[in-house]
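Chains, contacts and geometry: an overview
For reference, the chains in residue letters:
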Amino acid sequence: MAQVLLRILTANLYNGCAEPDALGRILDATNPDVVAAQEMAPSAAAVIGDRMPHGLLLPALDNTGSGLAAARPMEVRRHRLPHRDALVGQYARDGGRIVIWSVHLANPIDRPPPFRQRRNQVRALQAAVDDIPGEDAVVVVGDLNATPLWPAYRRLLHSLDDGVAEWAARAGVRPERTWARRPGGVPLLRIDHALTRGIEVERAETILVPGSDHRALVVDLA
């Protein structure tokens with residue numbers, strides 16, 4: 001088994017509906033190095049900030065709340081993208097960096113459908129990832145609002161690998177779905193991802209987040 005470098009937890013917190021106490025218990029049980037949050041309300045930001053003192057938390061109640069926080073010092077910045085910005089963090093490592101992106105792509109079933117914004121968001125994200133030097137490892141996590149059958153996912157895989165799918169193939173299991181129609185429901189779609197370059201997913205799991213329609217995705221990177 002390869003040495004685990006980082007454990008990342010990413011979760012869409014359903015615009016403040018995720019239960020803060022339950023979120024705290026999940027963080028305590030999984031003990032991640034980095035937390036990426038989408039649709040993060042102030043109540044969730046307080047829970048994350050109590051446990052992750054480094055990074056950048058930008059809570060809101062209009063579906064734009066986001067955070068990228070870490071247990072140890074990590075440089076985090078906001079990266080402008082069409083429709084909704086990303087957060088980017090980085091750690092130094094021998095011969096380069098590990099660059100972590102937390103993203104939340106536009107939802108194509110919103111009304112009116114934000115097709116142009118989504119397309120431009122994906123293109124800008126891919127261009128930014130392609131500009132990162134090859135000696136740096138890259139991890140893109142978050143709610144991509146895209147299954148492996150959808151164009152946004154396929155376009156990003158021109159530059160990145162689906163780390164969870166590759167781990168699942170090695171382990172002889174199927175990647176777990178992450179989104180349900182209602183909180184606590186049966187997951188129907190895999191739209192939360194960990195896309196990688198220059199680093200592998202050594203293990204992945206999903207965790208029910210009470211109050212949210214998304215399961216948290218936890219990945220160990222090696």
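Before going into details, it helps to say that this report is about the structure given with it. Here the residue index of a chain counts from 1 through its sequence in written order. Side-chain atom pairs in this predicted model are given and counted only at pLDDT of 80 or more, local residue features only at pLDDT of at least 70, and totals for whole chains, interfaces and linings cover all residues. No hydrogens and no water enter the side-chain calculation; it runs on all heavy atoms of the structure.

**Examining helix H1 (residues 20-30)**
Here the term buried applies to any residue with accessible area under 20% of the maximum for its type, exposed to any over 50%, and partly exposed to those in between, with areas from a 1.4 Å probe on protein chains only. Helical segments are the DSSP runs of H or I of at least four residues, strand segments are the runs of E of at least two, and each set is numbered from the N terminus. When H1 is considered as a whole, its buried residues turn out to be Ala22, Leu23, Gly24, Ile26, Leu27 and Thr30. Tucked into the core, H1 has its buried residues touching strand S1 (6-12), strand S2 (34-38), helix H2 (42-51), strand S11 (201-207) and strand S12 (216-221). Just beyond H1, the residue with positive phi is Asn31, at close to 50°. Here, two residues are considered to be in contact whenever any of their heavy atoms come within 4.5 Å of each other.

**Thoughts on the pattern of salt bridges**
For this document, the term salt bridge refers to a Lys or Arg side-chain nitrogen within 4 Å of an Asp or Glu carboxyl oxygen. Throughout the structure, instances matching the rule amount to eight salt bridges. In this structure, Asp220 engages Arg7 in a salt bridge whose closest nitrogen and oxygen atoms are separated by 2.6 Å. With a gap of 213 residues between them, Asp220 in strand S12 and Arg7 in strand S1 connect regions that are remote in the sequence. Given a relative accessible area of 5%, Asp220 falls into the buried group. In this structure, Arg51 engages Asp28 in a salt bridge whose closest nitrogen and oxygen atoms are separated by 2.8 Å.

**So, the sheet that holds strand S5 (residues 75-79)**
Strand pairs in the sheet, formed through backbone hydrogen bonds, run parallel or antiparallel to each other. Pairing between strands is defined by DSSP: at least two bridges between them are needed. Taken together, the six strands give an open sheet; going across it, the order is S5-S6-S7-S8-S10-S9, and neighbouring strands pair in mixed fashion. Because the sheet does not close on itself, it has two edges, and the strands there are S5 and strand S9 (161-162). Two strands pair when backbone bridges link them, and S9 and strand S10 (residues 192-197) are joined in this way by two bridges, in the antiparallel orientation. Residue pairing in the sheet places Asp162 in a bridge with Leu195 of S10. A fitted line through C-alpha atoms represents every axis, and for helices the fit uses only the stretch in contact; the resulting angles, taken between N-to-C directions, go from 0 to 180 degrees. Its contacts with the sheet put helix H3 (residues 115-130) on S5, strand S7 (96-104), strand S8 (137-143) and S10, and the angle it makes with S7 is roughly 175°.

**A closer look at H2**
Among the residues of H2, those classed as buried are Ala44, Ala45, Val47 and Ile48. The arc that holds the buried residues of H2, viewed along the axis, is 160°, so those residues lie on one side. Looking at the packing, one finds that the buried side of H2 touches H1, S2, strand S3 (54-58) and strand S4 (66-70). The arc in question is traced by the directions running from the helix axis to the C-beta atoms.

**Some remarks on the packing of H1 against H2**
Interhelical geometry of H1 versus H2 gives an angle of 25° and a closest axis separation of 9 Å. By the angle between their directions, the pair H1 and H2 is classed as roughly parallel. The two elements H1 and H2 cross, and the hand of that crossing is right-handed. Packed against H1, whose contacting residues are Pro20, Leu23, Gly24, Leu27 and Asp28, the element H2 presents Ser43, Ala44, Val47, Ile48 and Arg51 at the interface. Side-chain classes are defined by residue name, with Ala, Val, Leu, Ile, Met, Phe, Trp, Tyr, Cys and Pro counting as nonpolar, Asp, Glu, Lys and Arg as charged, and the others, Gly among them, as polar. Taken together, the residues of the contact of H1 with H2 break down into six nonpolar, two polar and two charged. We call two directions roughly parallel when the angle between them is under 35 degrees, roughly antiparallel when it is over 145, roughly perpendicular when it lies between 65 and 115, and oblique otherwise. In a left-handed crossing the near helix is turned counterclockwise from the far helix by less than a right angle, and in a right-handed crossing that turn is clockwise.

**Digging into the pairing of S10**
By the criterion of burial, S10 is predominantly enclosed, with six of the six residues buried. Direction of pairing for S8 relative to S10: antiparallel, over a ladder of six bridges. Residue pairing in the sheet places Val138 in a bridge with Arg197 of S10.

**Observations concerning a positive patch on the surface**
Like-charged residues within 9 Å of one another, or nonpolar side chains (Val, Leu, Ile, Met, Phe, Trp, Tyr) within 5 Å, are grouped into patches, provided each residue has over 30% relative accessible area and no salt bridge. Only the protein chains shown count as cover for residues, with accessible areas throughout obtained via the Shrake-Rupley method and a probe of 1.4 Å. Counted charges follow a simple rule, with Lys and Arg positive, Asp and Glu negative, and His plus the chain ends left uncounted. Just so you know, the charge point we use is NZ for Lys, CZ for Arg, CG for Asp and CD for Glu. A cluster of basic residues, Arg116, Arg119, Arg123 and Arg155, forms a positive patch on the protein surface. When its relative accessible area of 41% is taken as the criterion, Arg119 is described as partly exposed.

**Some points on the sheet that holds S11**
The six strands lie next to each other as S3-S4-S2-S1-S12-S11, forming an open sheet whose pairing is mixed. The open sheet has two edge strands with one neighbour each: S3 and S11. Between one strand and the next, the sheet's axes are offset by a mean angle of 15°, whatever the strand orientation. Across the sheet, H1 lies against S1, S2, S11 and S12, angled at about 165° from S1, the strand it touches most. Contacting S11 and S12, helix H5 (residues 163-171) crosses the sheet at an angle of about 105° to S11.

**Digging into the pairing of S8**
Of all seven residues in S8, seven are buried, a share of seventy percent or more. Of the pairings in the sheet, the one linking S7 to S8 comprises seven bridges and is parallel in character. Of the residues in S8, the one forming a bridge with Ile98 is Ala137. A crossover counts as right-handed when, viewed with the strands pointing away from the observer, the path leading from the first strand over the helix to the second turns clockwise. Running through H3, the crossover from S7 to the neighbouring parallel element S8 is right-handed.

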